[in-house]
Number of protein chains: 2
Amino acid sequence: MRVLGVDPGLTRCGLGVVDGRPGRAEMVAVGVVRTPSDAEPGERLIYLEEQLRVWIERFQPERVAIERVFADVNVASVMTTAHATAIAILVASKAGLPIAFHTPTEVKAAVTGSGRADKSQVTMMIQRILRLAEPPKPADAADALALAVCHAWRGAAASRLDDLARTHAQAVTTR
Amino acid sequence: MRVLGVDPGLTRCGLGVVDGRPGRAEMVAVGVVRTPSDAEPGERLIYLEEQLRVWIERFQPERVAIERVFADVNVASVMTTAHATAIAILVASKAGLPIAFHTPTEVKAAVTGSGRADKSQVTMMIQRILRLAEPPKPADAADALALAVCHAWRGAAASRLDDLARTHAQAVTTR
């Protein structure tokens with residue numbers, strides 16, 4: 001399953017593409033879209049939209065995983081993060097891709113085993129899981145890869161559960 | 001000056017178009033874009049984007065005024081409101097229109113004289129200012145019209161101040 005992970009932000013939006021199957025994952029691409037904070041809000045969103053479209057066209061992910069943001073931190077940055085999230089949802093939906101949201105805690109737990117892991121632990125584990133020669137930088141890039149890995153692994157598990165449920169339902173109905 | 005006022009929301013997005021000049025304003029159009037809360041987030045944003053584009057094409061506003069939302073209320077609704085705001089910014093910017101943000105307090109003060117006016121006062125004043133036979137409904141529609149009136153009047157005042165400043169600057173430089 002090829003997943004595009006999006007760590008939404010307007011100043012820096014982390015993007016990571018991963019091919020994953022249970023217990024394994026390979027990096028396809030990683031990067032950060034930056035827009036200058038002194039640019040017009042509309043220009044920043046237009047640029048982010050373009051870049052997301054280019055990434056989806058170039059790397060053809062099957063799913064998009066976006067970090068779920070809560071409004072309990074800095075108010076101003078939460079709003080711009082929410083704006084970037086909306087653009088990611090819009091572009092992914094227009095491309096017909098299923099979208100999933102994962103909290104930072106879910107992502108940390110998926111790649112380190114602990115929902116309370118710190119940033120350096122996540123970066124270290126992502127480097128190991130993806131067998132990268134160097135830790136991905138900046139943090140937004142590592143987070144986007146972690147999101148994609150989290151979704152590829154959890155999504156696979158969820159799909160297996162769906163299959164099980166379907167098999168069971170069939171077993172029941174054909175009895 | 002023709003202004004499109006946007007009271008952003010995903011369940012209900014109020015839209016109001018007003019032709020305004022200092023002390024006067026006329027309604028051109030008013031409406032509410034609704035998207036079902038059980039639809040996919042992406043489908044809702046795509047529909048809102050389409051409708052905003054249709055409104056801008058049909059009514060040709062010169063400026064767009066959007067309500068500035070703060071993250072101090074319900075967290076979940078603030079996030080969907082922020083998503084709707086991002087779509088409005090994106091569509092308006094793509095159409096090349098200048099965007100302004102006004103707080104609810106500024107809007108209330110502009111149309112009622114008091115930043116602490118309640119919704120019924122705003123609706124009553126908007127009905128009077130625009131000489132409407134009936135109060136605009138629902139509240140999101142009235143708010144969008146109030147935003148457009150606020151911007152048309154404040155924008156005009158701000159432009160006059162700019163002109164004054166420019167005249168003064170010329171006076172200084174030509175002295």
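Below or above, wherever it landed, is the structure these notes cover. (Residues numbered from 1 in each chain as written. Chains lettered and ligands numbered in written order. Predicted model: local features only at pLDDT ≥ 70, side-chain atom pairs only at ≥ 80, totals over all residues. Heavy atoms only, no water.)

Counting its secondary structure elements, chain A contains 5 helices and 5 strands. Helices (α) and strands (β) of chain A occur, in sequence order from the N terminus, as β-β-β-α-β-α-β-α-α-α. Looking at chain A as a whole, 47% of its 175 residues qualify as buried. For chain A, the share of sequence-separated contacts (at least 6 apart) that also reach a separation of at least 24 residues comes to 62%. Total accessible area on chain A stands at roughly 8800 Å², and carbon and sulfur atoms take up 51% of it. (Helix = DSSP H or I, 4+ residues; strand = E, 2+ residues; numbered from the N terminus. Buried < 20%, exposed > 50% of the residue type's maximum accessible area, 1.4 Å probe, protein only. Contact = heavy atoms within 4.5 Å. Areas by Shrake-Rupley, 256 points an atom, 1.4 Å probe, with all protein chains shown as cover.)

Time to look at the pairing of strand 3 (residues 24-34) of chain A. Residues and elements named next belong to chain A. The pairing of strand 2 (residues 12-21) with strand 3 spans 10 bridges and is classified as antiparallel. Each bridged residue has a counterpart across the sheet, and for G14 the counterpart in strand 3 is V32. Hairpin connection of strand 2 to strand 3: 2 residues between the antiparallel strands, including G23 at a positive phi of 80°. (Pairing = 2+ DSSP bridges.)

Our focus in this paragraph is the interface of chain A and chain B. If you look at the interface, chain A gives 20 residues, while chain B gives 20 residues. Buried surface at the junction of chain A and chain B, both sides included, amounts to about 1800 Å², of which 80% is carbon and sulfur. For the pair chain A and chain B, the number of links is 2 salt bridges. Scanning the region where chain A abuts chain B turns up 2 residue pairs in polar contact (both at pLDDT 80 or more). For the side of chain A that touches chain B, the secondary structure elements donating two or more residues are helix 1 (41-59) and helix 2 (75-94) of chain A. No other element matches the 12 residues that helix 2 of chain A contributes to the side of chain A that touches chain B. (Buried area = accessible area lost by both parts, 1.4 Å probe. Salt bridge = Lys/Arg side-chain N within 4 Å of Asp/Glu carboxyl O. Polar contact = N/O pair within 3.5 Å; in protein donor to acceptor, adjacent residues only side chain to side chain.)

Each copy of the sequence occupies a distinct position, and chain A is placed on chain B by a rotation of 180° and an axial shift of 0.0 Å, giving an RMSD of 0.0 Å. Such a combination of turn and shift is consistent with a two-fold rotation axis. Both copies present the same face, since 100% of the interface residues in chain A are matched by interface residues at the equivalent positions in chain B. (Least-squares fit on C-alpha atoms with pLDDT ≥ 70 in both.)

What follows deals with helix 1 (residues 41-59) of chain B. In a regular helix each residue adds 1.5 Å, so 19 residues correspond to 27 Å; helix 1 of chain B covers 27 Å between its end C-alpha atoms and thus fits that length. Those residues of helix 1 of chain B that fall on the buried side of the exposure criterion are G42, R44, L45, I46, L48, E49, L52, W55, I56 and F59 of chain B. (Expected span 1.5 Å × (residues − 1).)

A word on the packing of aromatic side chains. Residue and element names in this part refer to chain A. Enumeration according to the criterion identifies 2 aromatic pairs over all chains in this entry. Ring centres 5.2 Å apart and planes at 55° place the aromatic pair W55 and F59 in the tilted group. Of this pair, W55 and F59 both sit in helix 1, 4 residues apart, roughly one helical turn. Relative accessible area serves as the criterion here: at 15%, F59 is assigned to the buried category. (Phe/Tyr/Trp six-rings, centres within 6.5 Å; stacked < 30°, edge-to-face > 60°.)

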